[in-house]
Structure formats: C-alpha cells, structure tokens
Amino acid sequence: MPSSISGGRGGESPLGLKNTLAGRDIISCRDLSREDAELVFSLAEEVNSGTIHLEDTLAGKKVALIFVEPSTRTFQSFYVAARSLGAEVLSIHDPAVSSIAKGETLYDTVKMIEGYGADCIVLRHPARGSARFAAEAAAVPVINAGSGSQEHPTQALLDVFTIKSRLGQVDGVKIGMLGDLRYSRTIPSLCYLLAKYNGVKIFFMAPPLLQVRREVELYLAEKGVTYRKAVEADEIKEMMPELDVLYVTRIQKERFPDPTEYERVRGSYVVDAKLLAYGRRDLGVMHPLPRVDELSPEVDKLPNAWYFEQARNGLPIRKALLHLVLGGAG
Amino acid sequence: MSGESLLVRKIDWGTVLDHIPAWKADQVIKLLNLESLKQNPDVSVIVLHNVPSKKLGRKDIVKLYHYMVSEDEAEILALVLPQITINYIRDWKVEKHSPGLPEKIVGKIRCPETTCITNVEREPATPRYIVMKEHGVIACEYCDTLLEIERIPDFLVG
C-alpha cells in the first residue's frame, strides 16, 4: 500500500535512512558521497514504483527556479517535481523579460529571490562557478541545475540511477563517453559521481579538441578510477565490445570560443546501428538530450536505447532530491 | 663592491626581495598588497632592474622601505617566483625568510577561464584558488579550471 511522508516536519521515515542531504547545497558531484547518491536513488525508486508518494510534503515551501540559460527537461522536471510536492514555485525562466536583461547581477537576483521567501534555489546559469557563488550568496540551499560547461549534478544523479536500474548495480560498470567531453557539463558530473563506486572503468571517446578536461582526469586519477582515451574512429570501434553503457553527448556549439573550431569537429561522430554492431547486444545507449545529429533516430527503436527512460528518470530523482534537501524524512 | 650597492644604499628597516628574475619586478609589485603599501605614507619602493648577479647572471631587486611583507604575500611570491629570496631588515640586521607554500590564494590572479563567474562583469566574486603543488597547478575554487603555476604571471590582476 502506498505511503505518504511528511517532508520537513519530522514525519514517518519510509526508508529508515538518515537524511544526509537536508539543508545542503548540491553544487558538485565531488561533494556527494556514494551514500548521499544512494539515498536519492532509494527514494526515487520508491517514488517510481508508486510505493511512496511525496505529494504535499513541501506544502508551505517556496522553490525558486532561476534559469538564465535555455532548458526543457531540467526546468520542466524541477517545476513538475516542486509543484507535485506541494511547493509554491517562483520562477525566472526567460531572462529576456526579467531584470537580468537590464544587467542585474546573479548576486542581486539571488538576494532578491531569497528576500521573497524562497526556501531553496534551483539555478541554471551560463557561467562556470555560478552555482558555488550563488550558494555563498544565499542562506538557503542552492541546487546546481547546470553551471555553464562545468557541472550538472542532478543530471548525473539521474544518469547513474538509470544505470543502476538497468544493470542492478553501478560497481564495475564499463562506460564509454562519446562526443563533446570538453564542453559538456554532464560529463564531469557523471565522472565525479561514478568515481564514488568501485571498479568503474571509463573510456573517453572523442577527437583531441573535444577530449575531457584535465581537472576531470586529475580527479579520476586521485580516486583511483581506471580510464582510457580513444581519439580515432578505429580505436573507438575496438573499445565498443568492452562496454556496458555508451553515453553520447551533443557537441556544445554554444560553448565553443571559436566558431572555426566548432566547424572542424561538427559531425565528427554519429552513433547509429552500424556503430552499435561493434558493441555487445545488450549495450545500453544513454544521452542527456537534446540531441542534434550525433545520435541517429534509427537507434530509438532498438532495445539498446535507454535515453528516453533516462530522461523520464529526471522527475523521480528531482522529486526525491527536493524532498531531501528541504529536510524531508529519508 | 657589488653592482647593487653602487646603485642604491642599504635600508635600515623593511624588506628586500632579491634574486627576482631580470625584468620581473613588476610581477612582484602586482603580487604585493598595493593598497596596503599606498596607505602607509612612510613606505618607499625601490626597484632595481637587470643588476648583475652571481646566481642568475642578471636579476631584479625590490626594496620596500618601511614595509614588512606579510606571510601570505611571502608565500605567493615564493610560489610564483621560486628563486626569490626574502630578507627582513630590522635596524640594519638582515633576517633571511623562507616562506612555506600557500594552500589558498585569494584575489590577485584572474581566472584563465573566460566563462568563470569571477570574470563576469560587476559580479562581486573574488577569484579563489587551491594550490595543487604536486600537480604544478592552482585550481579555481569556483569553476575548477586549472592554471599552471608558471603561467600565473600572465594572469596577475592590476
């Protein structure tokens, strides 16, 4: 029988777990422990299966959504999650019609929205470091919904949740990351979160211009995570049979400092049935979406396509996260 | 008589920053707390460029008359210019100082990542770095971008 729980009011604890995320900022996956992630996953799983409903657990709370960059999935899933948990939503979704267009700073925007009684701020901003800066400015928790090309921790939570749901575990997963590893914000977050699990092996598949940033490599080396790089198409094909998961990313055209660099790499890879034929039959294909032309629609109907389920998982993950950050029972 | 003493007399109180690579004294000035220097009307700054040196061939020297470099300043100077020697002078007596390495640096250095929040116009975000000496880099605490220690002079503020 489904149970309801009372968020932030010391109500029944459906999972019997300590809420380690109450009142915390969610800025980087570096800051999250495996236990933090597993707490979110456990609650999201119960929400997904309908055994727990979190409806109205945030009644009386205000969640501010400040989105200074375009977003479809992240904004909508946070919006639906907050509303379905009973929170009031304060939103800045179109910077063109807000004071941001008049040159208002992020600092002032955060202070203003906090002054209107926000209990939590969900922020998407084009500047790297914006979420950490906002968290320093705000007294209430800040959730990073994408900080330029730096990180997107809630995407990583839903990514790893999807892997866990499909494979039963995350330890030992062999994952290929293909595409724009340099400017993608999902890649660093996913790497940092996977580094909290044992025996993970990462294959970075990208041309030199799009290879993973050095700070990500240093972090993985520090955490003892095995990784390899492939830059040529032949090397990528050789790696394919080893993979449990292939995580594909779009080339982030909007983040290239030089348009000629973008022209040099656009269309440099396409994931289609032909490429997947090099992998195992049960290889899972993931993509944070939106896609452009790097992931062929012909993959959609193959059992390998996990990406629409992955996108759907954004909702239970963000419900669970909002509930926990705002002090709900674990 | 050394080339230095021909050019400028000794000081009785203050700091002498010696063995600065030739023509790099401007970097030293940028790394010091200029506001603190300016606020003290008794402070004089004497800069010597390209004087002969047994150790370096040619070197710069900065003499800060009536100014004692702080430990924080000394640490950053030693990080960016590892050859530098720092001498405190009190009543003509010279005391050599060997600073440790800083764990953090606040301000002074512009983040090399143009999209970092600390580079956004009018945002009151002061750059802050963690020193990762073992990797030869500093890391921006806001945006995680790494900057090689030898490239720090290219990003000094001011």
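All of these numbers come straight from a predicted model, not from anything done at the bench.

Chemist: Can you help me understand the overall build of chain B in this one?
Modeler: Tallying secondary structure elements over chain B gives four helices and nine strands in all. Mapped from its N terminus to its C terminus, chain B presents α and β elements in the order α-β-α-α-β-β-α-β-β-β-β-β-β. Taken along the three principal axes of its C-alpha coordinates, chain B extends 50 × 35 × 25 Å. Across the 158 residues that make up chain B, the buried fraction comes to 48%. Across chain B, the fraction of contacts at a sequence separation of at least 24, relative to all contacts at a separation of at least 6, is 62%.

Chemist: What is the right way to read the interface of chain A and chain B from this model?
Modeler: It is common to give the size of an interface as the accessible area lost on bringing the parts into contact. Residue-level contacts link 20 residues of chain A with 20 residues of chain B. With both chains or domains summed, chain A and chain B bury close to 1700 Å², and 51% of this area falls on carbon and sulfur atoms. Inspection of the region where chain A meets chain B yields four salt bridges. For Glu 136 of chain A, the salt bridge goes to Arg 128 of chain B, with nearest N and O atoms at 2.6 Å. Along the contact surface separating chain A from chain B lie 15 residue pairs in polar contact (both at pLDDT 80 or more). For the side of chain A that touches chain B, the secondary-structure elements that each account for two or more residues are α3 (106-115), α4 (130-137) and α7 (214-222) of chain A. At four residues, the largest contribution of residues to the side of chain A that touches chain B is made by α4 of chain A.

Chemist: Would you explain empty space enclosed by the protein in this entry?
Modeler: Empty space left among the atoms is revealed by rolling a probe the size of a water molecule over them. Scanning the model with the defined rule gives one cavity of 30 Å³ or more in all. Here the largest cavity is characterised by a volume of approximately 40 Å³. Lining the largest cavity, in full, are Arg 128, Ser 149, Gln 150, Glu 151, Pro 188, Tyr 192, Arg 213, Glu 215 and Val 216 of chain A together with Asp 144 of chain B. Breaking the lining of the largest cavity down by element, the ones donating at least two residues are α6 (186-194) and α7 of chain A. Classifying every residue of the lining of the largest cavity gives three nonpolar, two polar and five charged. Domain assignment of the residues forming the lining of the largest cavity places at least three in each of domain 1 (3-152 + 314-325) and domain 2 (153-312) of chain A.

Chemist: How do you make sense of the sheet that holds strand β9 (residues 146-148) of chain B when you look at a structure like this?
Modeler: Residues and elements named next belong to chain B. Overall, antiparallel pairing links the four strands, which are arranged β6-β7-β8-β9 in an open sheet. Each end of this open sheet is capped by a strand with a single partner; those strands are β6 (104-106) and β9. Recorded for the sheet is a direction-independent mean angle of 30 degrees between the axes of neighbouring strands. Of the pairings in the sheet, the one linking β6 to strand β7 (residues 128-132) comprises three bridges and is antiparallel in character. Paired with Lys 104 across the strands is Ile 130, a residue of β7.

Thresholds, definitions, all that
Residues numbered from 1 in each chain as written. Chains lettered and ligands numbered in written order. Predicted model: local features only at pLDDT ≥ 70, side-chain atom pairs only at ≥ 80, totals over all residues. Heavy atoms only, no water. Helix = DSSP H or I, 4+ residues; strand = E, 2+ residues; numbered from the N terminus. Buried < 20%, exposed > 50% of the residue type's maximum accessible area, 1.4 Å probe, protein only. Contact = heavy atoms within 4.5 Å. Buried area = accessible area lost by both parts, 1.4 Å probe. Salt bridge = Lys/Arg side-chain N within 4 Å of Asp/Glu carboxyl O. Polar contact = N/O pair within 3.5 Å; in protein donor to acceptor, adjacent residues only side chain to side chain. 1 Å grid on protein atoms, 1.4 Å probe; cavity = no way out; pocket = protein on both sides within 12 Å on 5 of 7 lines; lining within 4 Å. Points joined across faces, edges and corners; volume = space filled by probe spheres on them. Nonpolar A, V, L, I, M, F, W, Y, C, P; charged D, E, K, R; others polar. Domains from an automatic or database assignment. Pairing = 2+ DSSP bridges. Axes fitted to C-alpha atoms, helices over the stretch in contact; angles between N-to-C directions.

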